[in-house]
Amino acid sequence: MEGPRIEFYGGKWASTVPLLLFILWAIFQSGLLRIGDTSGLVAGALVATIIGMFLAKGNWKTYANTIFEGMTQRVAATAIVAWLWAGMFAETLQVGGFVDGLIWAADALNVGATTFPAITFVLAALLATGIGTGYGTTVAFVTLFFPAGVLLGANPVLLFGAILSGAVFGDNLAPVSDTTIVSAVTQDSDIGGVVASRFKYAIVAAVLAFIAYLIAGASMSTVNVEGAAELAGTAPGLLHLVSMGIVIYTAIRGRHIVEAISWGIIAAIVFNLIFGLASVSDMLVFRAPEGLAMAESLSWLPFVMTAESAGVGGSLYAGALGFFPLIVLTLLIVAMARIMIRGGGFEAMQDWLLNTVATSVNRAEGTMVLGTALINGMITINTAAEIAIAPYIARIGESYNINGYRRANILDANTAALGYIFPWAGGVLVGYGVMTGPEGLGAQYGTQLMVVNPADVVPFVFHGWLLVAVFLVAAFTGFGREYINDRPSAEVARV
């Protein structure tokens, strides 16, 4: 750890107070009071950060500077950029009638409400694996597939869980995913070998999750949205499958995710205009005050109009704006995590696990699984959590001669999974943010069925829970375990 250390009253463990207070706030707000408002979590993060400052010894300047240091971390910027670009892309596809196209296709293929969640899980997993961002996949699928599924009668909570599960699969397995890259690099392993070695774990959890969604879809209650029966859907919106294909192809070809989604946005705009799926003003419009001479002289432009209330609108605007509260929350969470690192709380937690719990190779791998899960439950942005826990995973793994692929797989699977389960997790909140944004799904389709409380979805992220379970079983049975083969045999024998 480089940089100044923060001394706390109460020692190293006191540095965990801001994050722990935030989690308690989130549990009280989302779990007990059933309030999923992201802005409320922002307030909780601010209050927790301020309280932590009173526990810091001496001059508070170091504490304050650590907040700024955390907010400027690349991991936070990466998540924010993915949300903004994916939001614009998904909203532009939505105004282009992609949801109507999905409804038409589901009707034509006889896909019912009971099977829609399982199919959505598979499709979300494929998209997330292709583009390498689970957050972006969550945005796109909640914006597009979620309303289509609910209008067809699928259980909203189960459907949201299926989308999050697909995001977990892609975040864990995609070669271009940030979490995949970080897990490989921090454990001195090549990305190709890591992806190949983790497939067996991911596919076991995925098959079980797919079966679980089929069973749950058939046994859980379906919904009936008023007026949905008259919605036959229209085929032209399916043209945007090409837009999504462009994003996947560009990402697989090794292009940066920003470039890949930008090409998708451009393709979506072109299709909307050429085929009459949406107008220019549907995608971008400037509403000037009535009576403004300049606005009236420019009214011939398709994106300028006068209205009683001034403002900016359209899919590009709404797609980005909905994430602003979540962006602020992300910056605060990463800042609190940095405080815990600077204060030594993270180091104390690692040392306790290493010296007290990890007393055999099975228990060592078990603590690696549970340790990554614990840290991701606190640092809810999965890439940030992975970077924080990676040195510990390397340290304990190397002490028991565990192969780098195995260490990377344990590290990545659990940070990917837990990042999409708890109500305060980044993956859950980004999906909830799309549901309740300025032009959220509930308002657009006129029903509260389009809004799922983050606390309700926790049990139904089947692939996330199963992935953690698979690695716990692997840790205590030795399934898939490999050792470093360039160490003296005497060292290997001790495990």
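Anyway, here's the lowdown on the structure attached to this text.

The subject of this paragraph is helix α21 (residues 426–436). Within α21, 10 of the 11 residues are buried, leaving the element largely enclosed by the surrounding structure. Those residues of α21 lying buried are Gly 426, Gly 427, Val 428, Leu 429, Val 430, Gly 431, Tyr 432, Gly 433, Val 434 and Met 435. Its buried side turned inward, α21 meets α2 (38–53), α4 (74–95), α7 (134–152), α8 (156–173), α16 (324–342) and α22 (441–445).

In this model, α2 (16 residues) spans 23 Å end to end at C-alpha, consistent with the 22 Å of a helix rising 1.5 Å per residue. For α2, every residue scored as buried is listed here: Thr 38, Gly 40, Leu 41, Val 42, Gly 44, Ala 45, Ala 48, Thr 49 and Gly 52. Buried-residue contacts for α2 involve α1 (17–32), α3 (61–71), α16 and α21. Two or three places before Ser 39, at the opening of α2, Asp 37 has a side-chain oxygen 3.1 Å from that residue's backbone nitrogen.

Moving on to the sheet that holds strand β1 (residues 285–289). Across the sheet, which stays open at both edges, the three strands sit in the order β2-β1-β3 with mixed pairing between neighbours. Because the sheet does not close on itself, it has two edges, and the strands there are β2 (304–307) and β3 (311–313). Neighbour to neighbour, the strand axes of the sheet diverge by 30° on average, direction disregarded.

This next bit is on the packing of α4 against α7. Running from N to C, α4 and α7 cross one another at 25°; their axes reach a closest spacing of 8 Å. Classified by the angle their axes make, α4 and α7 are roughly parallel. When the axes of α4 and α7 are compared, the crossing they make is right-handed. In this structure, α4 contributes Ala 79, Trp 83, Ala 86, Gly 87, Ala 90, Glu 91, Leu 93 and Gln 94 to the contact, and α7 contributes Tyr 135, Gly 136, Val 139, Ala 140, Thr 143 and Leu 144. Residues that form the contact of α4 with α7 fall into these classes: nine nonpolar, four polar and one charged.

Another aspect to go through is the pairing of β1. Here β1 pairs with β3 via three bridges, running antiparallel. Note on β3: the bridge partner recorded for Val 285 is Gly 313. Where β1 lies against β2, four bridges are found, and the strand directions are parallel. Looking at the pairing, Ala 288 lines up with Thr 306 of β2.

Cut-off values and rules
- The residue numbers shown here count from 1 along each chain, following its written sequence.
- Per-residue local features are limited, in this predicted model, to residues with pLDDT of at least 70; the limit for side-chain atom pairs, both in listing and counting, is 80 or more; totals at the level of whole chains, interfaces and linings are taken over all residues.
- As a rule here, side-chain values come from all non-hydrogen atoms in the structure, and water together with hydrogens is ignored.
- Think of it in three bands: residues with accessible area under 20% of the maximum for their type are buried, residues over 50% are exposed, and the middle band is partly exposed, with areas taken using a 1.4 Å probe on protein chains only.
- Helix and strand labels come from DSSP, where a helix needs a run of H or I of at least four residues and a strand needs a run of E of at least two; each type is numbered from the N terminus.
- Contacts were defined at the residue level, with two residues in contact if any of their heavy atoms lie within 4.5 Å.
- Residue count minus one, scaled by 1.5 Å, sets the expected span of a helix.
- Within 3.5 Å is the distance limit for a polar contact, defined as a pair of N or O atoms, with the added protein rule that one can donate a hydrogen and the other accept it, and that residues adjacent in sequence qualify only through two side-chain atoms.
- The criterion for strand pairing is that DSSP finds at least two bridges linking the strands in question.
- Every axis in this analysis is a line fitted to C-alpha atoms, fitted for helices over the stretch in contact. Angles between the N-to-C directions lie between 0 and 180 degrees.
- Angles are sorted into four bins: roughly parallel if under 35 degrees, roughly antiparallel if over 145, roughly perpendicular if 65 to 115, and oblique for all others.
- By the definition used in this description, the sense in which the near helix is turned from the far one sets the handedness, with an anticlockwise turn below a right angle giving left-handed and a clockwise turn giving right-handed.
- Under this grouping Gly is polar, as are all residues other than the nonpolar Ala, Val, Leu, Ile, Met, Phe, Trp, Tyr, Cys and Pro and the charged Asp, Glu, Lys and Arg.

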